[in-house]
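The residues making up each chain are set out below.
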Amino acid sequence: MNISCEIVRDLLPLYHDGVCSNDSKKMIEEHLAHCESCKDELKAMNDDTIIVRSEQNLSEADAVKKLSKRWEKGMMKSALKGAFFTLITIAVVLLVLYCFIDIHIG
Ligand SMILES: [Zn+2]
């Protein structure tokens, strides 16, 4: 069956996504077998998809990186907080010990 390039290009996105009917698929494949320009069109579609996908991956990786950075910052903050409270506790204990010793010796 002969179909025009226009029909094929209408259907190409569906064919590309694998959502067209088997009959349309057959027609498109028959057309693509002898039509270079429509084949190029499909190829361009594949390339576009790959680019979009890699961009998506990139932004996802970025998001994860940002998230882990934020997480690291949070960890640093709580680690600092922990160190601060530990120092305060030690200082208080030393002060109490000092007073205790002072009272008993002095
Ligand atoms: Zn064509």
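Everything discussed here concerns the structure shown above.
Calculation criteria
- Residues numbered from 1 in each chain as written.
- Predicted model: local features only at pLDDT ≥ 70, side-chain atom pairs only at ≥ 80, totals over all residues.
- Heavy atoms only, no water.
- Helix = DSSP H or I, 4+ residues; strand = E, 2+ residues; numbered from the N terminus.
- Expected span 1.5 Å × (residues − 1).
- Bend = angle between axes of the 7 residues up to and from the residue.
- Donors = N, O, S within 2.8 Å, 3.2 Å for Na, K, Ca; no water.
- Buried < 20%, exposed > 50% of the residue type's maximum accessible area, 1.4 Å probe, protein only.
- Phe/Tyr/Trp six-rings, centres within 6.5 Å; stacked < 30°, edge-to-face > 60°.
- Axes fitted to C-alpha atoms, helices over the stretch in contact; angles between N-to-C directions.
- Parallel < 35°, antiparallel > 145°, perpendicular 65-115°, else oblique.
- Left-handed = near helix turned anticlockwise from the far one by under 90°.
- Contact = heavy atoms within 4.5 Å.
- Core = buried A, V, L, I, M, F, W, Y, C linked by side-chain atoms within 4.5 Å.
- Salt bridge = Lys/Arg side-chain N within 4 Å of Asp/Glu carboxyl O.
- Patch = residues over 30% accessible without salt bridge, like charges linked within 9 Å, V, L, I, M, F, W, Y side chains within 5 Å.
- Areas by Shrake-Rupley, 256 points an atom, 1.4 Å probe, with all protein chains shown as cover.

A. View of helix 1 (residues 5–17). Spanning 13 residues, helix 1 covers 18 Å between terminal C-alpha atoms, matching the ideal 18 Å at 1.5 Å per step. At Leu11, helix 1 shows its maximal bend, which comes to roughly 45°, and the proline Pro13 appears one to four places after that position. Once helix 1 finishes, Gly18 follows within two positions and takes phi at roughly 70°, a positive value.

B. Representation of the coordination of the zinc ion. All of the protein donors around the zinc ion are Cys5 (SG), His31 (NE2), Cys35 (SG) and Cys38 (SG); their distances to the metal are 1.9 to 2.3 Å. Counting along the primary sequence, the residues that act as donors to the zinc ion give the motif C-x25-H-x3-C-x2-C. Of this pair, Cys5 sits in helix 1 while Cys35 sits in the loop between helix 2 (22–34) and helix 3 (36–105), and the two are 30 residues apart along the sequence. Overall, the relative accessible area of 10% leaves Cys35 in the buried class.

C. Expanded view of the packing of aromatic side chains. On inspection of all chains with the given rule, the structure shows 1 aromatic pair. Geometrically, the ring pair formed by Phe84 and Phe85 is edge-to-face, given 5.9 Å between the ring centres and 70° between the ring planes.

D. Highlighting the packing of helix 1 against helix 2. Running from N to C, helix 1 and helix 2 point in directions that differ by 120°, and their axes come no closer than 10 Å. Regarding the angle of helix 1 to helix 2, the classification is oblique. Of the two elements, helix 1 crosses helix 2, and the hand of that crossing is left-handed. For the pair helix 1 and helix 2, the contacting residues are Cys5, Val8, Leu11, Leu12 and Tyr15 in the first and Ser24, Lys25, Met27, Ile28, Glu29, His31 and Leu32 in the second.

E. Spotlight on the nonpolar core. Of all hydrophobic cores here, the largest spans 11 residues; its members are Ile3, Val8, Leu11, Leu12, Tyr15, Cys20, Ile28, Leu32, Cys35, Cys38 and Leu42. When contributions to this core are tallied by element, the ones reaching two or more residues are helix 1, helix 2 and helix 3. Element by element, the count of residues in this core is highest for helix 1, at 4 residues. The contact partners of Cys20, leaving out residues within four places of it in the chain, are Leu14, Tyr15 and Lys25.

F. Structural context of the pattern of salt bridges. Per the counting criterion, the structure on display carries 2 salt bridges. The residue Lys39 makes a salt bridge to Glu36 at a minimum N-O spacing of 3.5 Å. Here Glu36 and Lys39 lie together in helix 3, a separation of 3 residues that amounts to about one turn. For Lys39, a relative accessible area of 36% puts it in the partly exposed group.

G. Structural context of the side chain of His31. With respect to the helices, strands and loops of the structure, His31 is situated in helix 2. Excluding anything up to four places from it in sequence, His31 contacts Ile3, Ser4, Cys5, Val8 and Cys38.

H. Geometry of a nonpolar patch on the surface. Taken together, the side chains of Ile90, Val93, Leu94, Leu97, Phe100 and Ile101 define a hydrophobic patch exposed on the protein surface, amounting to about 560 Å² of accessible area. Judged by its relative accessible area of 42%, Val93 falls in the partly exposed class.

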